[in-house]
Amino acid sequence: MIVNYIIQFVIAMIATLAFAIVFSAPKSELLYCGISGGIGWFFYFIIMEALGAPTLGNVVGSFLLTVFSRTFAAKRKNPVTVYLIAGIFPLVPGAGIYYTSYYLITNDMSMFSSYGLSTIKTAGAIVMGIIFGMAFPQSWFNKAFAPYDRK
């Protein structure tokens, strides 16, 4: 059981790392980009396994991904988007978008509606998680990594 979670984390991390390389993330930040994607996927996968709730999994995964991305950004003195954009990659419903488009083009409205609704729910859940994660003031993250002698 625990091995499955580790495998899921590592694969999500590698996929995110590859995505970050393709989109020219700074070389010094590639490991952190990979970790952010692994974290988001890990919590999504835990919720999916425990509760069978993909929408909730996407909200929680993207929320925690956002919090970790903001933490990395404050600690590493980089924009949060470096970690957030790369890290969101494993959660994005790429297959859902593809099949929604495919069924629209083939005029199969029943399947189009089914995949479309599922894809919109997933995308909305990701957006809500990011919004919740961005709701915390940036000063909380900055203070956590400020030097002790700073006034």
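Residues numbered from 1 in each chain as written. Predicted model: local features only at pLDDT ≥ 70, side-chain atom pairs only at ≥ 80, totals over all residues. Heavy atoms only, no water.

**Section: the overall build of the protein**
Phase 1: The helix and strand inventory of the protein stands at seven helices and zero strands.
Phase 2: Referenced to the eigenvectors of the C-alpha coordinate spread, the extents of the protein come out at roughly 65 × 35 × 30 Å.
Phase 3: Taking all 151 residues of the protein together, 34% fall into the buried category.
Phase 4: In the protein, of all internal contacts separated by at least 6 residues, the share reaching a separation of at least 24 is 66%. (Helix = DSSP H or I, 4+ residues; strand = E, 2+ residues; numbered from the N terminus. Buried < 20%, exposed > 50% of the residue type's maximum accessible area, 1.4 Å probe, protein only. Contact = heavy atoms within 4.5 Å.)

**Remarks on the environment of I7**
Phase 1: You can see I7 is positioned in helix α1 (residues 2–22).
Phase 2: On the basis of relative accessibility, which here comes to 42%, the residue I7 falls in the partly exposed class.
Phase 3: Along the sequence, I7 and L84 sit 77 residues apart, while their C-alpha atoms lie 22 Å from each other.

**Focus on the packing of helix α2 (residues 30–51) against helix α3 (residues 54–76)**
A pair of packed helices is characterised by two quantities: the angle between their axes and the separation of those axes.
Phase 1: Relative orientation of the contacting elements α2 and α3 amounts to 155 degrees, with a least axis distance of 8 Å. As far as their axial angle goes, α3 and α2 are roughly antiparallel. Of the two elements, α2 crosses α3, and the hand of that crossing is right-handed. Between α2 and α3, the residues in contact are Y32, I35, S36, G37, I39, G40, F43, Y44, I47, M48 and L51 and P54, L56, G57, N58, V60, G61, L64, L65, F68, S69, F72 and R76, respectively.
Phase 2: Of the residues assigned to the contact of α2 with α3, the class counts are 15 nonpolar, seven polar and one charged. (Axes fitted to C-alpha atoms, helices over the stretch in contact; angles between N-to-C directions. Parallel < 35°, antiparallel > 145°, perpendicular 65-115°, else oblique. Left-handed = near helix turned anticlockwise from the far one by under 90°. Nonpolar A, V, L, I, M, F, W, Y, C, P; charged D, E, K, R; others polar.)

**So, unusual backbone geometry**
Comment: phi is negative for the bulk of residues other than glycine, and the bulk of peptide bonds are trans.
Phase 1: Residue S24 is not a glycine yet carries a positive backbone phi of 60 degrees.
Phase 2: Under the relative-accessibility criterion, S24 is labelled exposed at 63%.
Phase 3: In this model, K77 sits at a positive phi of 60 degrees, which is unusual for a non-glycine residue.

**Remarks on α1**
Phase 1: When the terminal C-alpha atoms of α1 are compared, their 31 Å separation across 21 residues agrees well with the 30 Å that a helix rising 1.5 Å per residue should span.
Phase 2: Listing the buried residues of α1 in full gives Y5, A12, T16, F19 and A20. Each buried residue of α1 lies within a common arc of 95 degrees when the element is viewed along its axis, so the set occupies one face. With respect to the buried face of α1, the exposed residues turned more than 90 degrees away are V3, I6, I11, I14, I21 and V22.
Phase 3: Residues of α1 that are buried make contact with α2 and α4 (80–87).
Phase 4: Residue S24 follows α1 closely and has a positive phi angle near 60 degrees. (Expected span 1.5 Å × (residues − 1). Arc of directions from axis to C-beta.)

**What about the layout of surface pockets?**
Phase 1: Taken as a whole, the largest pocket holds about 220 Å³ of empty space.
Phase 2: Taken together, the elements giving at least two residues each to the lining of the largest pocket come down to α2, α5 (94–105) and α6 (109–134). (1 Å grid on protein atoms, 1.4 Å probe; cavity = no way out; pocket = protein on both sides within 12 Å on 5 of 7 lines; lining within 4 Å. Points joined across faces, edges and corners; volume = space filled by probe spheres on them.)

**What to know about the side chain of T100**
Phase 1: Relative to the helices and strands, T100 is located in helix α5.
Phase 2: Side-chain polar atoms of T100 contact the backbone oxygen of G96, separated by 2.7 Å.
Phase 3: A distance of 3.3 Å separates the side chain of T100 from the backbone oxygen of Y115, its partner in a polar contact.
Phase 4: With sequence-adjacent residues up to four places away left out, T100 is seen in contact with F112, Y115, G116 and T119. (Polar contact = N/O pair within 3.5 Å; in protein donor to acceptor, adjacent residues only side chain to side chain.)

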